[in-house]
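Now for the letters of each chain:
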Amino acid sequence: DAGVTQSPTHLIKTRGQQVTLRCSPKSGHDTVSWYQQALGQGPQFIFQYYEEEERQRGNFPDRFSGHQFPNYSSELNVNALLLGDSALYLCASSLEPGPNEKLFFGSGTQLSVL
Amino acid sequence: QQPVQSPQAVILREGEDAVINCSSSKALYSVHWYRQKHGEAPVFLMILLKGGEQKGHDKISASFNEKKQQSSLYLTASQLSYSGTYFCGTEMSGGSYIPTFGRGTSLIVHP
């Protein structure tokens, strides 16, 4: 049973560029959440997708957008990259949205913005 | 509101015990605990619900004091494999039920 898979594992971009990160949830999970983890910090919630809709959003600008496909996989898009966007981007899936849901994390995409 | 974890770092020898604390300024609905090893994904340890329930996972247990809005993670007889960064994630009462994570506590267990 494959867990949460993310691609690519590493990415280097320059300021102003755009990036797309991809996530496949654990089998049987239909809810995908994205987190940004800066070095030495805890994961910060970006948004959550369920039934192809953005269900919840954290305190991130509109440059961060996402999508969920009918097979529950998801993409995170970041436009007009800033140096401060350099971080590990984690995808987490769960059985459903709601309280007390155990999160299964992928290994992340390490994004470096130069 | 981000929960506050303490201490920031713990260094132990194998077999020693450790306690990691997580506190919030707001009423909590539940507390999650995850462990992340360097370069790896965070891994779920346990979720504690309102009611002061104590849970355990091998020699790792946790408590949740709803009145004090605090949770503590207890690592007993630490093993080398316990090394990593521990994060608590708190869900607020009446909130979005999306866990907000603390900054983490780095635990290093030496032989």
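Residues numbered from 1 in each chain as written. Chains lettered and ligands numbered in written order. Predicted model: local features only at pLDDT ≥ 70, side-chain atom pairs only at ≥ 80, totals over all residues. Heavy atoms only, no water.

## Let's talk about the overall build of chain B
- If you tally the helices and strands in chain B, you get 0 helices and 11 strands.
- Going from N to C terminus, chain B has its helices and strands arranged as β-β-β-β-β-β-β-β-β-β-β.
- Its C-alpha atoms give chain B a radius of gyration of 13 Å, within 12% of the compact-globule value 13 Å for 111 residues.
- Taken over the C-alpha atoms alone, chain B extends approximately 45 × 25 × 20 Å along its principal axes.
- Burial status across chain B gives 47% buried among its 111 residues.
- For chain B, restricting intrachain contacts to residue pairs at least 6 apart in sequence, the fraction spanning at least 24 positions comes to 55%.
- Element-wise, carbon and sulfur atoms account for 48% of the exposed surface of chain B, whose accessible area totals about 5400 Å². (Helix = DSSP H or I, 4+ residues; strand = E, 2+ residues; numbered from the N terminus. Rg over C-alpha atoms; globule rule 2.2 N^0.38 Å. Buried < 20%, exposed > 50% of the residue type's maximum accessible area, 1.4 Å probe, protein only. Contact = heavy atoms within 4.5 Å. Areas by Shrake-Rupley, 256 points an atom, 1.4 Å probe, with all protein chains shown as cover.)

## Focus on the interface of chain B and chain A
- Of the residues lining the interface, 20 residues belong to chain B; the matching set on chain A comes to 21 residues.
- When chain B packs against chain A, the two sides together hide about 1600 Å² of surface, and 58% of this comes from carbon and sulfur.
- In this assembly, chain B and chain A are joined by 0 salt bridges.
- Between the two partners, chain B and chain A, sit 5 residue pairs in polar contact (both at pLDDT 80 or more).
- For the side of chain B that touches chain A, the elements supplying multiple residues, two or more each, are β4 (28-36), β5 (43-49) and β9 (84-92) of chain B.
- Residue composition of the side of chain B that touches chain A, grouped by class: 12 nonpolar, 6 polar and 2 charged. (Buried area = accessible area lost by both parts, 1.4 Å probe. Salt bridge = Lys/Arg side-chain N within 4 Å of Asp/Glu carboxyl O. Polar contact = N/O pair within 3.5 Å; in protein donor to acceptor, adjacent residues only side chain to side chain. Nonpolar A, V, L, I, M, F, W, Y, C, P; charged D, E, K, R; others polar.)

## Topic: unusual backbone geometry
- Between A:Ser7 and A:Pro8 the backbone carries a cis peptide bond, its omega angle lying at -10°.
- For A:Pro8, the position within the fold is in the loop between β1 (5-7) and β2 (10-13).
- B:Pro7 follows B:Ser6 through a cis peptide bond whose omega is -10°.
- Even without being a glycine, A:Glu52 presents a positive backbone phi close to 65°.
- Structurally, the position occupied by A:Glu52 is in the loop between β5 (44-50) and β6 (53-57).

## Remarks on the packing of aromatic side chains
- Counting across every chain of the model gives 10 aromatic pairs over all chains.
- Ring centres of A:Tyr35 and A:Phe45 lie 5.7 Å apart, and the angle between their planes is 65°; on these two criteria the pair is classed as edge-to-face. On the criterion of sequence distance, the pair formed by A:Tyr35 in strand β4 (residues 31-37) and A:Phe45 in strand β5 is long-range, its members being 10 residues apart. Taken as a pair, A:Tyr35 and A:Phe45 share a single burial class, namely buried.
- Ring centres 5.1 Å apart and planes at 65° place the aromatic pair A:Phe60 and A:Phe64 in the edge-to-face group. For the residue pair A:Phe60 and A:Phe64, the accessibility class agrees, reading buried in each case.
- Every member of this aromatic cluster is reached through a ring pair, and the members are A:Tyr35, A:Phe45, A:Phe105, B:Tyr34, B:Phe44 and B:Phe101.
- Geometry around A:Phe104 places A:Lys26 over its ring, the cationic atom sitting 5.1 Å from the centre. (Phe/Tyr/Trp six-rings, centres within 6.5 Å; stacked < 30°, edge-to-face > 60°. Lys NZ or Arg CZ within 6 Å of the ring centre and 35° of its normal.)

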